[in-house]
Every structure is written in C-alpha cells, then in structure tokens.
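# Structure assessment
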Amino acid sequence: MTIFKTMTFREKEPQGSPPSEDFKKAFFARLEQADISTIRVLAAKVAPDVRRIAREAGLNGQDSEEMLNDAILATLLAIRKGTFQFMGFHPAAYTLGVAKKLAANRARSKKPQTELLENVAAPSDFDPEIYLKNKERAYIVKELLSRLGEDCREVLLLKYFEHKKDREVVSEKLTPYATVASLKSKREQCLKKLAKTAREAGIKAAF
Amino acid sequence: MNNIEKYVADEMTAEERAAFEAELERNPALAEEVNFMRQLTEDIEMAALAERVKEALHELPPARPKWPKYPWWPALVLAGLLAVALLYFQKEGAPPPPEAIPPVEMPPVDPLKQAPTKAEAGQPSSQETAEEKTTGRPGGPIAQQQPDENAYTPIPAPQLRGSGSSTDTARQALLDAVWYSVYPPEGLQVSEPFRQVDELLQQGEFSKSYARLQLLERKMPTNDTLFFLKGYCLLERGEGDEALRYFGQIKNQNLAGTGLLEWYRGLAFLLSGDDGSAKKTFADISASPAHAFRRQAKRALTMME
C-alpha cells in the first residue's frame, strides 16, 4: 500500500535495455503536461546522481534536495517553453546537465574556481542566474496568488498553467462560470488584481 | 487589458496582431505593460509548476545516509575493547545487565483482518441491541457496533514501508492488531464534487482516490471534507505524518462522527512511530467514558504496554 506501487508512470521503463524511442517520447509528453507520477519517475531516476553532484560540489543535504527540485523544475520549464525539445534522448540527461550547472553556480559563490563543469555537456540554453531570479519572482507571485482567493487562482491556473481553452473550461464545468465571456471577464479582473498587488509588493523592478 | 491578454496568450488573428504590434511601437508605456503581463503569466506558470514538483518530490525516498569516509578500524578496536571490558566485569561479579524485555505476545491476526469481535470492540449493550431492532440499523457509536458486512467493510492495516527489521515487524504486528478503520464513516456528508472519490474509497482504492483529490484541490477551494479525505487516504497508505498534517487542518472536529478523527490521529501517530503522542491520544480517548472509540483505544494502549 505504498505510493510507488500505484502512482508510477503507467508504462514501465524497460529493465536491462535502453528505453525505446516511443517510451521516451511518451515520457517527454507527460512531463510537458506536468503529470505528477511522471515527474516522480524522473526524480527517482536522477536523484542519486544529482545528490552525488551536490555532494561533490560541497553542498549539504538540504541544498542538495533543493538542487534536485530546481533541476527538475528547470527541465519541465524548458520542455514547456520549447527550449528543450525531444531529440531522442531521455529527459534525465538534460536534468543532470542542469544540476551540474546549478552546482557549478553554487560552488562558484563559495570557491573562486571550480572544475565541476569540465567535460560536461550542460544544456546551453540554461542560465542558472536567470533561473534563480525567475524562481524568486515566481515564489512571490505564488504568495500573491494565494492571497487573491481560490476563484481567481483557479481561473488563472487553468489558463496559464493547464493551458486549457476557455471553451473547454466552460464545457467541462471546471469553474462556476457558465459562459466564455464571463470566464474571460473574471480572468481579466483577476490578472489586473494580481498585477496591482505585484506592483504594490514592490516587485515591479524585478519584472 | 483584454488586448494585452489576448496578445500575451497568442490568441490574436494575424491582422489583430499586426495592428497591436504597430501600436506597441508607437506606445512605449503599452509595450512595457505587455512585457510586465507576459512576465507575470510566466511567473504564474512557474509558481504552479514549482508546486507540482514539490508535491512529486515530497514522496520521493530520502537520500540514504552515507557512511563517513573515516577508517573503520578504530571503531572495530574500540568495540573489541568494550566487549573485553564487559566480559571482565561480568566475571568479577558485576551486576548482570537487565534482562531484555520479553516480546509482547500479540494475539493471532487474521490475515483477512476481520473487524474486532463484539468482545474486543466493546459491542452494544442489550439496550443498544434493542435500538438496532427498532431502527433497523446498528445503534450506538460506530466503533462499538457489530460490523455489518453490508454497511461497511473493515480495512486491513497498511503495510509499513521498509518492513524487514525486527522493529518494523513488531510495529506492523501492533498495527495489524489495533487497526480499525471503516469507510464510509457515519456522519460524513460527501458533497457532489467528492462523489467519485467516495466511490473509489468504498472500493478501497486509496491511491486513486488521493490522485483524484489532488486534482479536486486544484479546482476548488479547500474544505474540511477534502482535508479529511486526503488525510484518510494517506492514513490507509501508511503515511502517518502526512495524514496528521491534513487532519490538523480540519476545523470541524466532529466532521466524520464523534471521535473518529481523534482515533485516526492516534493511528497516524502510531504509523509515524510517535508512540508518545499515540499513547497520549489513546489515553485521552480511554479517559472519556462516552467516546465512541474508547474500547479500541484501551485495547491499543494494552497492546502498546
């Protein structure tokens, strides 16, 4: 009766032989949808290596777990934004590349020189500094979203996270709004409110 | 704003887009506003994605502690010296070490985990039985009722993770012996959004129910029913600490019938290995004469002793 027995990626990764192209494609697509069980499979796959990388960079246990979190989040963002596209290799490779860049970035702040990135094929599009700035801002936005109320949070997430079409939202009755027009109007109000509170919170300069 | 949103969401037609972009070139304030909104919507996505990743990683097994890279031989020498010293003092007439506490003999556990018998669970008195006759349904508090196969099915204790050590085996035996949970509990009013979860839970599908509840949580405001059901799913999956986290957020403590929540808290403490809090909870229940789970709590305390 444990989570891993029942909530794992539906198609089992082939043991002993490298995963097939179809498997990797399906895996990639589910990561794009931010499917929680698929994220967990990716995390389980990369966790030992990411923790080793963190240890080698002199990071403690807590920092190492944060780095694992960041490496996976950056991978999902890259998939969703299209900066990391399926090219036939397992997303874990990208995640490890991100982890190495993050570790090098952390180590650089502690030591003047590091050899951590030598001979490492890290994803060229990933900039740890930009990622960390975005993460900080996203954290503030998350707090502001929770203050907006559940109604607003829901309509905004359906649009900007789930990427649901307004017609789908209405027909599937995912919100109390029965028409596309009322849904749009509500979302517009919410976005205005969020923008206002974001500016009031003094994070305008960060945008 | 509507145009900005449409532009940011890439929902404009080619003509609309061209006109809007021309306007952006003429109006720097508008361009700044568009950038701000684009960034804001990206932040919303990142914030939600971060939550999803956090949730996924929350259930990932923690890193195994690494043995320190010290030479092992000093520890071995020290252990040898201690063993020699122990033998020496025993021969010299030093008081022997206290005898190991004999293991508690657990009653045989039915692998199919039947609900407690009348005698064990403190079943209804003759007065309550009369109530059963008049109402046609079991009378008295739920925990003290004769299990009715048509009304509910007893649920076996969850399997502890990492079982294998003697401590885990003993705890699993204790859980098997004291576990008492039912679904649906009396008094729990399940509203429309939870119907599917309710059906899944009646089939004992705790993981599927939990996944469904996760989806619901994203689509509706949280409430006591959601917290209770999530806590209950986690409890049945052996996640004591997590179950306690959700049970702790419930405002109406009588949500699922008098005392059930308190009993489940005790079980959750037991699952998480917090014996002190489990004992305290069971002792509180036992001390309350009208508590529906008084006899189960007494039994649990006896087993724990």
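Bear in mind that the values here come from a model prediction, so they are computed numbers and not experimental data. (Residues numbered from 1 in each chain as written. Chains lettered and ligands numbered in written order. Predicted model: local features only at pLDDT ≥ 70, side-chain atom pairs only at ≥ 80, totals over all residues.)

The next subject is the overall build of chain A. Along chain A, the regular secondary structure elements total nine helices and zero strands. Each helix and strand of chain A, ordered N terminal to C terminal, gives the series α-α-α-α-α-α-α-α-α. Sequence-distant contacts in chain A: of pairs separated by 6 or more residues, those separated by 24 or more amount to 59%. (Helix = DSSP H or I, 4+ residues; strand = E, 2+ residues; numbered from the N terminus. Contact = placed C-beta atoms within 7 Å.)

A tally of helices and strands in chain B yields 14 helices and zero strands. Element order for chain B, N to C, with α for helix and β for strand: α-α-α-α-α-α-α-α-α-α-α-α-α-α. Here chain B holds 305 residues, and 29% of them are scored as buried. Looking at chain B alone, contacts between residues at least 24 apart form 53% of all its contacts between residues at least 6 apart. (Buried ≥ 20, exposed ≤ 12 C-beta atoms within 10 Å, placed from the backbone.)

Between chain B and chain A, the contact holds 36 residues from the first and 40 residues from the second. For the side of chain B that touches chain A, the secondary structure elements donating two or more residues are helix 1 (2-8), helix 3 (28-58) and helix 9 (206-219) of chain B. For the side of chain B that touches chain A, a count of residues per class yields 18 nonpolar, six polar and twelve charged. (Nonpolar A, V, L, I, M, F, W, Y, C, P; charged D, E, K, R; others polar.)

Low pLDDT means the predicted coordinates in that region are not meant to be read closely. Residues and elements named next belong to chain B. Mean pLDDT over chain B stands at 74; residues scoring 70 or higher make up 71%. Mean pLDDT across the elements of chain B bottoms out in helix 5 (residues 118-121) (40) and peaks in helix 2 (residues 14-26) (92). Contacts of residues 97-153 to residues separated by more than four positions or lying in other chains number 64 contacts, the stretch itself having pLDDT below 50. Overall fold confidence for the complex sits at a pTM of 0.51, while the interface term, ipTM, reaches 0.84. (pLDDT = per-residue confidence, 0-100.)

Turning to the environment of A54 of chain A, a few remarks are in order. Residues and elements named next belong to chain A. The residue A54 is located in helix 3 (residues 36-56) in this model. Assessed through the 26 C-beta atoms surrounding it within 10 Å, A54 is described here as buried. Here the alpha-carbon distance between A54 and A103, two residues 49 residues apart in the chain, equals 6.1 Å. Once you skip the residues sitting within four places of it in the chain, A54 turns out to touch L59, D63, S64, M67 and A103.

Take the nonpolar core next. Note that soluble globular proteins tend to have their nonpolar side chains buried in a common cluster. V50 and A71 of chain A together with L49 of chain B are the most contacted members of the largest nonpolar core, which totals 62 residues. Residue contributions to this core peak at eleven residues, all from helix 3 of chain B. When residues no more than four places from it in sequence are discounted, the contact partners of V50 of chain A are M67, L68, A71, L96 and A99 of chain A. With 41 residues, the next largest nonpolar core counts A157, L229, Y232 and W263 of chain B among its residues. (Core = buried A, V, L, I, M, F, W, Y, C linked by C-beta atoms within 7 Å.)

Here we take up helix 11 (residues 240-247) of chain B. All names here are of chain B. Here helix 11 lies mainly inside the structure; six of its eight residues are buried. Listing the buried residues of helix 11 in full gives G240, E242, A243, L244, Y246 and F247. Buried residues along helix 11 sit in contact with helix 10 (224-236) and helix 12 (260-272).

A word on the environment of L132 of chain A. Residue and element names in this part refer to chain A. Secondary-structure assignment places L132 in helix 6 (residues 128-148). Judged by local crowding, L132 falls into the partly exposed class, with 15 C-beta atoms found within 10 Å. Note: C-alpha distance between L132 and L102 (30 residues apart in sequence) is 9.4 Å.

Predicted confidence across chain A gives a mean pLDDT of 81, with 81% of residues reaching 70 or more. Predicted confidence for residues 112-121 of chain A stays below pLDDT 50, and this span has 13 contacts to residues more than four positions away or in other chains.

Bringing unusual backbone geometry into the picture now. All names here are of chain A. The backbone of A34 shows a phi angle near 55°, a positive value even though the residue is not glycine. Tracing the backbone shows A34 in the loop between helix 2 (21-32) and helix 3. Judged by C-beta crowding, with 20 C-beta atoms within 10 Å, A34 ranks as buried.

We now examine the environment of R265 of chain B. All names here are of chain B. Residue position: R265 is located in helix 12. Counting along the chain gives 21 residues from R265 to L244, while the straight-line C-alpha distance between them is 6.4 Å. The contact partners of R265, leaving out residues within four places of it in the chain, are L244, F247 and T281.

As a further point, take the packing of helix 4 (residues 61-81) of chain A against helix 3 of chain B. Axis separation between helix 4 of chain A and helix 3 of chain B bottoms out at 10 Å; the angle between their running directions is 130°. Relative to helix 3 of chain B, helix 4 of chain A is oriented oblique. Seen along the crossing, helix 4 of chain A lies across helix 3 of chain B with a hand that is right-handed. Listed contacts from helix 3 of chain B to L68, N69, I72, L73, L76 and L77 of chain A of helix 4 of chain A are M46, L49, A50, V53, K54 and L57 of chain B. Split into classes, the residues belonging to the contact of helix 4 of chain A with helix 3 of chain B amount to ten nonpolar, one polar and one charged. (Axes fitted to C-alpha atoms, helices over the stretch in contact; angles between N-to-C directions. Parallel < 35°, antiparallel > 145°, perpendicular 65-115°, else oblique. Left-handed = near helix turned anticlockwise from the far one by under 90°.)

The next thing to look at is the packing of helix 3 of chain A against helix 3 of chain B. The contact between helix 3 of chain A and helix 3 of chain B brings their axes to 9 Å, and the two run at 60°. As for how helix 3 of chain A packs across helix 3 of chain B, the hand of that crossing is right-handed. On helix 3 of chain B, the residues touching I36, I39, R40 and A43 of chain A of helix 3 of chain A are R52, V53, E55, A56 and L57 of chain B. Looking at the contact of helix 3 of chain A with helix 3 of chain B, its residues break down into six nonpolar, no polar and three charged.

Moving on to helix 9 (residues 180-200) of chain A. Between the first and last C-alpha of helix 9 of chain A there are 30 Å, a value that for 21 residues agrees with the 30 Å anticipated at 1.5 Å per step. The inward-facing, buried residues of helix 9 of chain A abut helix 6, helix 7 (150-160) and helix 8 (166-171) of chain A together with helix 1 and helix 3 of chain B. Where helix 9 of chain A terminates, the next one or two residues include G202 of chain A, which has phi positive at roughly 80°. (Expected span 1.5 Å × (residues − 1).)

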